[in-house]
Amino acid sequence: MSAERNIVVLTGAGMSAESGVPTFRGEDGLWEGHHIEMVASPEGFARDPKLVQRFYNLRRAALKTVEPNAGHFALARLEREWRGNFLLVTQNVDDLHERAGSEKLLHMHGELLKARCTNCGEVCSWSEDLSSDTRCAACGKTGEMRPHIVWFGEVPFELETITNALKSADIFLCIGTSGVVYPAAGFARTAAQNPSCRLVEFNIESTEISRQFRERVIGPVSVELPKFVEQLLSDTHRQAWLER
Ligand code: BJW
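Worth saying up front: this structure is predicted, and the values here are computed from it rather than measured.

*Asks:* Would you take a moment to explain the overall build of the chain for this structure?
*Replies:* Within the chain one finds nine helices and nine strands. Over its C-alpha atoms the chain spans a radius of gyration of 19 Å, differing by no more than 12% from the 18 Å that the globule rule assigns to 244 residues. If one aligns the C-alpha atoms of the chain with their principal axes, the spans along those axes are about 65 × 35 × 35 Å. Total accessible area on the chain is roughly 12,100 Å²; 51% of this is exposed by carbon and sulfur atoms. Computed over 27 positive and 33 negative side-chain charges, the inter-centroid distance for the chain is 2 Å.

Dropping the structure here:
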């Protein structure tokens, strides 16, 4: 085993649950009686733009009240100390990975703290509320600004980069996702095209995709990830020392 190996990490809503960000499915899966599919789709936005803007305005405001947990910090440590290639792909639209220090990070479903103009395509940082009165600073048009979020039926960001990284992954860590939303739910199969890839799932319960993983760690990310990262780094450093 060489010490220079490729890691790809995928995170979902369970990663931020212990920070106080609600997950999408399960007990806290409804928002004011609406399923996520009703508010996170272009059809939902066309039907009721005020409702959808309010959903994201509330979540954007709530971000100011939460902090990264020990799991976020463990992944930032893994990135810093890992000697091979590292890529963190998150389905989450919060900024908790960045705040914990992660840098090699792709937000495949977009970011709460960005807005996009549907008229000119400009993407900009955004920390306040959005409404039908919001004006695009780039093209000057009013009423075209929407959250920079990937809704159902829209194509996630950076898929080519992610697929290439998965195909050459030696280790794939899948953390806190229910495995029901594609294409992310198919990432383990892509990584498994390399028969020697180590596939590890972290969750508090079994998921739709659990059977695809050769290893499973059951427990909260804030407890399990720091332990796992410590072990992985010490195993890898020992291996590198033996190979000198
Ligand atoms: C813990 C924990 C703790 C809790 N520790 N764990 C039929 C079949 C197959 C596919 C489709 C289909 N019909 C339509 C589709 C496609 C569709 C899809 O997959 N739909 C399914 C519902 C069936 N997908 C799309 O439309 C995507 N686009 C697409 O496919 O484009 C076509 C295309 C693809 C590729 C190439 C070319 C073309 C877009 C999907 C967009 C998803 N958007 C959302 C909302 C936006 C973000 C936002 O508003 O915040 O993204 S939906 C929502 O689900 C959000 C999440 O990122 C995503 C995944 O949810 P996640 O992260 O898994 O959260 P939960 O709540 O489901 O699970 C949390 C987990 O954490 C649970 O397992 C807990 O147990 C665990 N947990 N606490 C460890 N402490």
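Now that the structure has been shown, we can carry on.
*Asks:* Quick question: what am I supposed to make of the pairing of strand 2 (residues 86-90) here?
*Replies:* Side-chain positions along a regular strand alternate between the two faces of the sheet. A large share of strand 2 lies buried, amounting to five of its five residues. Burial along strand 2 is two-sided: F86, L88 and T90 facing one way and L87 and V89 facing the other are all buried. Across five bridges, strand 1 (residues 7-11) lies against strand 2 in parallel orientation. Considered in strand 2, the bridge of V9 is made with L88. Examined bridge by bridge, strand 2 and strand 3 (residues 105-107) share three bridges and lie parallel to one another.

*Asks:* Please explain the packing of aromatic side chains as it appears in this structure.
*Replies:* For any pair of aromatic rings, the description consists of the separation of the ring centres together with the inter-plane angle of the planes. Within the structure shown, the criterion is met by five aromatic pairs. Their ring planes at 50 degrees and their centres at 5.1 Å tell us that F45 and W151 sit as a pair that is tilted. Of this pair, F45 sits in helix 3 (residues 42-47) while W151 sits in the loop between strand 6 (145-149) and helix 7 (159-167), placing them 106 residues apart in sequence. Of the two residues examined, F45 and W151, each falls in the buried class.

*Asks:* Even after reading the chapter, I still don't get the side chain of Q91, so can you show me in this structure?
*Replies:* Of note, Q91 is situated in the loop between strand 2 and helix 6 (96-100). Once residues lying within four places of it in the same chain are set aside, the contact partners of Q91 are L10, T11, G12, M108, H109, T177, V181 and A184.

*Asks:* Looking at this structure, how should I read the site of the ligand?
*Replies:* In the region of the ligand, 37 residues are neighbours, and R59, T177, S178, Y182 and N203 sit closest. Here an oxygen atom of the ligand and a backbone polar atom of A13 are 2.8 Å apart. G153 places a main-chain nitrogen or oxygen 2.7 Å from an oxygen atom of the ligand. Computed on the free molecule, the ligand has an accessible area of 1,500 Å², of which 76% lies beneath the protein chains in the complex. Those elements giving two or more residues to the shell around the ligand turn out to be helix 1 (14-17) and helix 4 (49-63). Here the residues of the shell around the ligand sort into 21 nonpolar, eleven polar and five charged.

*Asks:* Would you take a moment to explain the confidence of the model for the chain for this structure?
*Replies:* It should be kept in mind that the predicted coordinates are not to be read in detail where pLDDT is low. The predicted model of the chain has a mean per-residue pLDDT of 95, with 98% of residues at 70 or higher. Mean pLDDT in the chain bottoms out at helix 2 (residues 36-39), which sits at 87, and peaks at strand 2, which reaches 99.

*Asks:* Would you take a moment to explain helix 5 (residues 70-81) for this structure?
*Replies:* The α-helix advances 3.6 residues per turn, and as a result positions three or four apart in sequence lie on the same side. Taking 1.5 Å of rise per residue, twelve residues should cover 16 Å, and helix 5 covers 16 Å from first to last C-alpha, within 8% of that figure. Taken residue by residue, helix 5 has G71, H72, A74, L75, A76, L78 and E79 as its buried positions.

*Asks:* How should the sheet that holds strand 8 (residues 198-203) be read in this particular structure?
*Replies:* The pairing of strands in a sheet comes from backbone hydrogen bonds and takes either a parallel or an antiparallel form. Within the open sheet, the six strands sit side by side as 3-2-1-7-8-9. Their pairing is parallel. A strand with exactly one partner marks an edge of an open sheet, and here the two such strands are strand 3 and strand 9 (215-218). Along the sheet, successive strands turn relative to each other by an average axial angle of 15 degrees, direction set aside. Strand contacts of helix 9 (residues 221-242): strand 1, strand 7 (171-175), strand 8 and strand 9, with the helix running at about 155 degrees to strand 8, the strand carrying the most contacts.

*Asks:* Would you take a moment to explain the sheet that holds strand 6 for this structure?
*Replies:* Spatially, 5-4-6 is the arrangement adopted by the three strands of the open sheet, whose pairing is antiparallel. Here the strands that pair on one side only, and so sit at the sheet edges, are strand 5 (123-125) and strand 6. Adjacent strand axes in the sheet meet at a mean angle of 45 degrees when their direction is disregarded. Across five bridges, the pairing between strand 4 (residues 110-117) and strand 6 is antiparallel. Residue A115 lies in a different strand from strand 6, and its bridge partner there is P147.

Definitions and limits used
Residues numbered from 1 in each chain as written. Predicted model: local features only at pLDDT ≥ 70, side-chain atom pairs only at ≥ 80, totals over all residues. Heavy atoms only, no water. Helix = DSSP H or I, 4+ residues; strand = E, 2+ residues; numbered from the N terminus. Rg over C-alpha atoms; globule rule 2.2 N^0.38 Å. Areas by Shrake-Rupley, 256 points an atom, 1.4 Å probe, with all protein chains shown as cover. Lys, Arg positive; Asp, Glu negative; His and termini not counted. Charge placed at Lys NZ, Arg CZ, Asp CG, Glu CD. Buried < 20%, exposed > 50% of the residue type's maximum accessible area, 1.4 Å probe, protein only. Pairing = 2+ DSSP bridges. Phe/Tyr/Trp six-rings, centres within 6.5 Å; stacked < 30°, edge-to-face > 60°. Contact = heavy atoms within 4.5 Å. Near = heavy atom within 4 Å. Polar contact = N/O pair within 3.5 Å; in protein donor to acceptor, adjacent residues only side chain to side chain. Nonpolar A, V, L, I, M, F, W, Y, C, P; charged D, E, K, R; others polar. pLDDT = per-residue confidence, 0-100. Expected span 1.5 Å × (residues − 1). Axes fitted to C-alpha atoms, helices over the stretch in contact; angles between N-to-C directions.

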